[in-house]
Amino acid sequence: MKLLLLLVQQTDIEKKMQEAPDSAYEIGVVIGSYLPFVVLVGIAYAIYRYNKKKRGSE
């Protein structure tokens, strides 16, 4: 199921890139597609660091 959604999303991004009016739009599409993953990785790392420090103080 997730693989299917990933493939659908990928073709959607490729379609947007082909129909982009200029290169600035393409850059925005790329940033907008990767930004949620970067934010989630940052949150996961912050939680990891918090728990690591908390465990070390016991």
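Structure: above.
Anyway, here's the lowdown on the structure attached to this text. (Residues numbered from 1 in each chain as written. Predicted model: local features only at pLDDT ≥ 70, side-chain atom pairs only at ≥ 80, totals over all residues. Heavy atoms only, no water.)

### Some points on the packing of aromatic side chains
Right, on to step 1. For the coordinates displayed, the defined rule picks out one aromatic pair.
Right, on to step 2. Taken together, a centroid distance of 6.3 Å and an interplanar angle of 35 degrees make the contact between Y45 and Y48 tilted. Highlighted residues: Y45 and Y48, both in helix 2 (residues 23-56), separated by three residues, approximately one helical turn. (Phe/Tyr/Trp six-rings, centres within 6.5 Å; stacked < 30°, edge-to-face > 60°. Helix = DSSP H or I, 4+ residues; strand = E, 2+ residues; numbered from the N terminus.)

### Overview of a nonpolar patch on the surface
Right, on to step 1. The grouping of I27, V30, I31, Y34, L35, F37, V38, V39, L40, I43 and I47 at the surface amounts to a nonpolar patch, some 1,100 Å² of accessible area in total.
Right, on to step 2. With respect to the helices and strands, I27 occurs in helix 2. (Patch = residues over 30% accessible without salt bridge, like charges linked within 9 Å, V, L, I, M, F, W, Y side chains within 5 Å. Areas by Shrake-Rupley, 256 points an atom, 1.4 Å probe, with all protein chains shown as cover. Salt bridge = Lys/Arg side-chain N within 4 Å of Asp/Glu carboxyl O.)

### Quick word on helix 2
Right, on to step 1. Taking 1.5 Å of rise per residue, 34 residues should cover 50 Å, and helix 2 covers 48 Å from first to last C-alpha, within 8% of that figure.
Right, on to step 2. At L35, helix 2 shows its largest bend, some 35 degrees, and a proline, P36, comes one to four positions later. (Expected span 1.5 Å × (residues − 1). Bend = angle between axes of the 7 residues up to and from the residue.)

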